[in-house]
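Analysis of the macromolecular model
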Amino acid sequence: MRQSDDPRPNGWDAARRTAFLPSVRLFRELPPEALAAIAYRLRPRPLEAGEFVFLAGTPAAHVSLLAEGRIKIIRETEDGREVILRVIQPGEIFGGAGIWGEAVYPASAVALDAGVVLQMPVGDFSALIGEHPDVALAVIRELAQRLREAEARISELQTERAERRIARALLRLASKTGVQTEDGVEIGLRLTRQDLAELAGTTLGTASRTLSAWDRAGLIIAGRERVVIREMHRLVALAEDLHELESE
């Protein structure tokens, strides 16, 4: 049995991979023959919670597509502290540094939950681009979308108040990892104030003061490495700069 058709890795055989691909932004406009070619080359890899998908500084040998679970992209500082750069959800592509010409992965990827990642060697992906013009156009569209997102992020960091950036960072995390509890929507990963400061592009002092003020106002519960959003509509108002808290 060929590896690409092996149904054992959590049921992700070729047919299931083909059916999954239209839900992925990069592939949703591709014709059936291109989807089938991509699905054939993808290899399912089961993951345990806490397992590394790849490590920063190692050869960027694969493109990865998350099928099940969640992945966090992290970078370690010189003092050994872990900074969360991004949280990956099913249907998102990550680890594509090799496609864009990078020799090594610039950050590490760690499984937050048990799950499955679909991987393709960079050489196979490059061959697909040459064989299927539709794939090449899809990659161009994806790069354009990521460029727009990066420009929006840069504009946000340059022009928006720190409180608004922090609110938006919490909302992004809630949409990806949030779990409904009796207290509200809990961010589903360990989140230090330094992590949040990095995600929002602000200082540790500003992030700490903001979270403490929101905790006192009843907007959130801010623990040492835990954040629960108690009043989502108020946080959205802050993110959209509607000054709801300031009017109270």
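Up top is the structure.
Nothing here was measured: the structure is a model prediction, and the numbers come from that model.

Some details on the pairing of strand 4 (residues 71-76)
The pairing of strand 4 with strand 5 (residues 82-88) spans 6 bridges and is antiparallel. Pairing of Arg 75 across the sheet is with Val 83, part of strand 5. From the end of strand 4 to the start of strand 5, which pair antiparallel, there are 5 residues, and Gly 80 there has a positive phi angle of about 85°. With 4 bridges joining them, strand 4 and strand 7 (residues 108-111) adopt antiparallel strand pairing. From the neighbouring strand, Lys 72 faces strand 7, where its bridge partner is Val 110.

Quick notes on the sheet that holds strand 11 (residues 220-222)
The sheet built from 4 strands is open, its strands ordered 9-10-12-11 with antiparallel pairing. The strands lining the two open edges of the sheet, one partner per strand, are strand 9 (179-180) and strand 11. As defined by bridge partners, strand 10 (residues 185-186) adjoins strand 12 (residues 227-229) across 2 bridges and the pair is classed as antiparallel. Bridge pairing in strand 12 places Glu 186 opposite Val 228.

Focus on the packing of aromatic side chains
Taken as a whole and assessed by the stated rule, the structure comprises 3 aromatic pairs. Between Phe 54 and Tyr 105 the ring centres are 3.9 Å apart and the planes differ by 15°, which places this aromatic pair in the stacked class. Remark: Tyr 105 occurs in the loop between strand 6 (93-94) and strand 7 and Phe 54 occurs in strand 2 (residues 52-54); sequence separation between them is 51 residues. Of the two residues examined, Phe 54 and Tyr 105, each falls in the buried class. Three or more aromatic residues joined by ring pairs form one cluster here, namely Phe 54, Phe 94 and Tyr 105. Positioned above the aromatic ring of Trp 12, the side-chain terminus of Arg 16 is 3.9 Å from the ring centre.

Things to note about the layout of surface pockets
Considering only enclosed or pocket space, the largest pocket measures out at about 1,500 Å³ in volume. Around the largest pocket sit 43 residues that line it, and Leu 85, Arg 86, Glu 92, Arg 146 and Glu 149 are the ones nearest its centre. Looking at the lining of the largest pocket, the elements that each hand over two or more residues are strand 4, strand 5, strand 6, helix 4 (133-159), helix 5 (162-177) and helix 6 (193-200). Counting residues per element, the lining of the largest pocket draws most heavily on helix 4, at 9 residues. In terms of residue class, the lining of the largest pocket is made up of 25 nonpolar, 4 polar and 14 charged. Inspection of the lining of the largest pocket shows a minimum of three residues originating in each of domain 1 (14-156) and domain 2 (160-240). Approximately 230 Å³ is the volume found for the second largest pocket. Looking at the second largest pocket, the residues that line it are Lys 72, Arg 81, Glu 82, Ile 84, Leu 112, Leu 189, Arg 190, Thr 192, Asp 195 and Glu 225. Within the lining of the second largest pocket, the residues separate by chemical class into 3 nonpolar, 1 polar and 6 charged. Both of domain 1 (14-156) and domain 2 (160-240) provide at least three residues apiece to the lining of the second largest pocket.

Criteria and thresholds
- Residues numbered from 1 in each chain as written.
- Predicted model: local features only at pLDDT ≥ 70, side-chain atom pairs only at ≥ 80, totals over all residues.
- Heavy atoms only, no water.
- Pairing = 2+ DSSP bridges.
- Helix = DSSP H or I, 4+ residues; strand = E, 2+ residues; numbered from the N terminus.
- Phe/Tyr/Trp six-rings, centres within 6.5 Å; stacked < 30°, edge-to-face > 60°.
- Buried < 20%, exposed > 50% of the residue type's maximum accessible area, 1.4 Å probe, protein only.
- Lys NZ or Arg CZ within 6 Å of the ring centre and 35° of its normal.
- 1 Å grid on protein atoms, 1.4 Å probe; cavity = no way out; pocket = protein on both sides within 12 Å on 5 of 7 lines; lining within 4 Å.
- Points joined across faces, edges and corners; volume = space filled by probe spheres on them.
- Nonpolar A, V, L, I, M, F, W, Y, C, P; charged D, E, K, R; others polar.
- Domains from an automatic or database assignment.

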